[in-house]
Amino acid sequence: MEEVPVCVASLTNLEVLDCADNHIKAIPQWIGHLKQIQELYFGGNPITSLPLELASLSDLAILRTDVERISFPPRAILAQGLQSIQSFLARVSNPQVGHISLNDCGLSVIDEGLVNMLSSSVAHQLDLSRNRIATLLPEHHQVALQEELDATGQAIEPTPDMYSYLTSFQNLDISHNPLREVPDGLALVCSQNLTNLVVSHAMLHRLPGTIGSMHALSGLDVSHCRLEGIPDSISSCFGLEKILLSHNCLELLPSSLAELPCLQYVDISNNRISTIENDCFLGFKSLCHLNVSCNVMKCLPEIPNGSMPSLKKFFVSSNRINALPLGVANLLSMTEFEYDKDMQFPPPELYGLSAPKHAYNEHRFPAIESECGTAPVSVFHLL
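This structure is a prediction, so every number in the text was calculated from the model and none was measured.

**Q** Please give an account of the overall build of the protein chain that cites residues and values.
**A** Tallying secondary structure elements over the protein chain gives 5 helices and 16 strands in all. Looking at the protein chain as a whole, 48% of its 383 residues qualify as buried. Summarising the internal contacts of the protein chain: among those between residues at least 6 apart in sequence, 45% fall at separations of at least 24. Only carbon and sulfur atoms are counted for the fraction: they give 49% of the accessible area of the protein chain, which is about 17800 Å².

See below:
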């Protein structure tokens, strides 16, 4: 027998179905109609994938197949038993609109079954977070490259098309995995569609130089990694609006970020930044939020007239800064400013103010008047 007779679909009270040791290549999709089924036996058949409809069989207690032949769901899911299999299939069969969520599934490799599923998906969001994935290179490509290495004695680099299973996604979350790199090939194949990339809580020491090819990227989260630098090519990510770089090992605020015309949000707190380049603040024309707190800076560079004209929130606390530059008065749009309580401002009269100096230690920041105008700060945090 090569397929299960369709007439079985009408047996809605059926509790046990034994189709073992045949030539059946696929469990039929109509299996989901058998709501009373408790036991399914399909061992001894050339079945390579399980249908999504198994997720709807709430009474199913026993499922027998030849696991070594199954490529979908992934092996890590199959090894966890029936409950995990049904949970996985439920996520895939009934996702949020355009969203595939495979987070916290115990995945350690990108096997062929998962590649096939993602390649054929029409979803635009993929969540692979909180797994054990150390590389995004599919397992069968890893094997092929290793065999090539053994034959030639030379290291063979993965080609971009090996990551093509991710091409169609616009939002990709691969955070909380032991990833050591974002491969160059991934940036190239995702350059046209990917708008949001989350790789936080990983083991990254660098970003690929090819990241500049990701012209559609608007959000990048690489916080809580081990980054020691940001490639200058990021200045080619012209659509980037938000970048999270906190809790890394950065020693400089990358000046290349100031060149991004759409950048609105930068969090580079909790790094090792000791200095910010002069004139860096002359860029950031669209920046609204800048967090450089919890670093080791002793001073801020001067803030010339016209600097960061859209900045509303500025956080500089928990550094080693003793005094702020006069140019703070040039931040005309600022509404929220966070600094250390013992940090000194220049005397108020330098701003043309008659208020006593202690007024700067109030929770409401008085208007700073300068030749540029007035900057009322409505929320003033003292730490």
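**Q** Could you give me a rundown of the nonpolar core, with the residues and numbers involved?
**A** In terms of nonpolar packing, the biggest core is built from 107 residues, with L40, L102, L204, L220, L257, F284 and F314 touching the most fellow members. Only α1 (75–78), α2 (82–93), α3 (112–120), α5 (184–189) and β13 (336–339) provide two or more residues apiece to this core. It is α2 that provides the largest number of residues to this core, a total of 5 residues. Setting aside residues no more than four positions away along its own chain, L102 makes contact with F88, R91, V92, L107, L114, M117, L126, D127, L128, S129 and N131.

**Q** Hey, could you go over the confidence of the model for the protein chain for me, with residue numbers and the actual values?
**A** Per-residue confidence for the protein chain gives a mean pLDDT of 85; residues scoring 70 or more make up 87%. Residue range residues 351–379 is modelled with pLDDT below 50. Its contacts to residues more than four positions away, or to other chains, number 70 contacts.

**Q** Outline the packing of aromatic side chains, supporting the account with residue identities and numerical values.
**A** Tallied over the full model, the rule gives 4 aromatic pairs. Ring geometry for F337 and Y339: centres 5.9 Å apart, planes at 15 degrees, overall stacked. With respect to class, F337 is no different from Y339; both count as buried. By way of ring pairs, the aromatic residues F281, F314, F337 and Y339 are connected into one cluster.

**Q** Give me the side chain of S307: which residues, what numbers.
**A** Within the fold, S307 resides in the loop between β11 (289–291) and β12 (313–315). Within the local environment of S307, its side chain forms a polar contact with the backbone oxygen of P304, the two atoms lying 2.6 Å apart. Those residues in contact with S307 that lie beyond four places of it in its chain are F281, L282, N330 and L331.

**Q** Account for unusual backbone geometry, naming residues and giving values.
**A** In the segment running from F72 into P73, the intervening peptide bond is cis, with an omega of 0 degrees. Among the structural elements, P73 can be located in the loop between β3 (62–64) and α1. Within the chain, D21 stands out as a residue other than glycine whose phi angle is a positive 55 degrees. If you trace the backbone, D21 turns up in the loop between β1 (16–18) and β2 (39–41). Using a relative accessible area of 63% as the deciding quantity, one classes D21 as exposed.

Conventions adopted
Residues numbered from 1 in each chain as written. Predicted model: local features only at pLDDT ≥ 70, side-chain atom pairs only at ≥ 80, totals over all residues. Heavy atoms only, no water. Helix = DSSP H or I, 4+ residues; strand = E, 2+ residues; numbered from the N terminus. Buried < 20%, exposed > 50% of the residue type's maximum accessible area, 1.4 Å probe, protein only. Contact = heavy atoms within 4.5 Å. Areas by Shrake-Rupley, 256 points an atom, 1.4 Å probe, with all protein chains shown as cover. Core = buried A, V, L, I, M, F, W, Y, C linked by side-chain atoms within 4.5 Å. pLDDT = per-residue confidence, 0-100. Phe/Tyr/Trp six-rings, centres within 6.5 Å; stacked < 30°, edge-to-face > 60°. Polar contact = N/O pair within 3.5 Å; in protein donor to acceptor, adjacent residues only side chain to side chain.

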